[in-house]
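One-letter residues, chain by chain:
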Amino acid sequence: MIRFVFASLISTLPVTAQACDTALILTMDVSNSIDSAEYRLQTDGLADALRDPEIVETMVAGENYLTVVQWSGVDRQAVSIPWTQMRTALDVESFAQKARMMERAFILSDTAPAEAVFFSLRLFDQVPNCARKVIDISGDGTPNGGSDVRAARTAAERAGVTINGIAIESMGLAITNFFRGAVITRDGFVMTARTHREYPATIRAKILREISRIFG
């Protein structure tokens, strides 16, 4: 009888939701410099990366949250895939399929990474208090519109959000150096993809680094 009463009491206690390891916003540059083939390389690269067994295992183990944002110029930011918690391998697979089928949100628009960061920062209000909050921003050019990206970086640091970057380079390291100097936070990192065709392998390595419990 005592056991039954104790079990009944336990069953009526509120269940505290377990916070995830990482809330990750994957932002994709779809400004003028990205043509249709390069856009498809980004979406297919993301989808393939999410099917990587190591990424699937790490995503599920951390019960991570994931969302995708497309961005270009001022007032050109859109959530393409809403926040999804990765509780099972099927959750990750479903997200990967949605990434592959994503329609392009904007065309013929400028490049305003600061607005992409400010837009993304507001999205963290929609998810539980994860141990890490990360904005993953990719791009192949420097800003030609919008506000100061350094101010956006400062806002992220004050909010406890990490910004990492993928710099897509055609030659040299101009975009990589811009990301290092103006975009990523002090606890962030930037990875370089030589042309869009290297993007798939780079995004895989980058996501794995972002969601791992110990950073390399």
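In this text the structure is predicted, and so the values were computed from the model without any measurement.

Attention shifts here to the packing of aromatic side chains. In this structure the tally under the stated criterion is three aromatic pairs. Measuring from ring centre to ring centre gives 5.9 Å for W83 and F124, while their planes differ by 45°; the resulting arrangement is tilted. With a gap of 41 residues between them, W83 in strand β3 (residues 77-85) and F124 in the loop between α5 (113-123) and β4 (132-139) connect regions that are remote in the sequence. One exposure class covers both W83 and F124, and it is buried. On the numbers, 6.0 Å between centres and 85° between planes, the contact of F178 with F179 is edge-to-face. An identical accessibility class is assigned to F178 and F179; each is buried. Each residue in the set Y65, W83 and F124 is aromatic and connected to the rest through ring pairs, giving one cluster.

Time to look at the confidence of the model for the protein. With 90% of its residues at a pLDDT of 70 or more, the protein shows a mean pLDDT of 89. In this model residues 2-16 is a low-confidence stretch, pLDDT under 50, and it forms zero contacts with partners more than four residues away in sequence or in other chains.

Rules of the game
Residues numbered from 1 in each chain as written. Predicted model: local features only at pLDDT ≥ 70, side-chain atom pairs only at ≥ 80, totals over all residues. Heavy atoms only, no water. Phe/Tyr/Trp six-rings, centres within 6.5 Å; stacked < 30°, edge-to-face > 60°. Helix = DSSP H or I, 4+ residues; strand = E, 2+ residues; numbered from the N terminus. Buried < 20%, exposed > 50% of the residue type's maximum accessible area, 1.4 Å probe, protein only. pLDDT = per-residue confidence, 0-100. Contact = heavy atoms within 4.5 Å.

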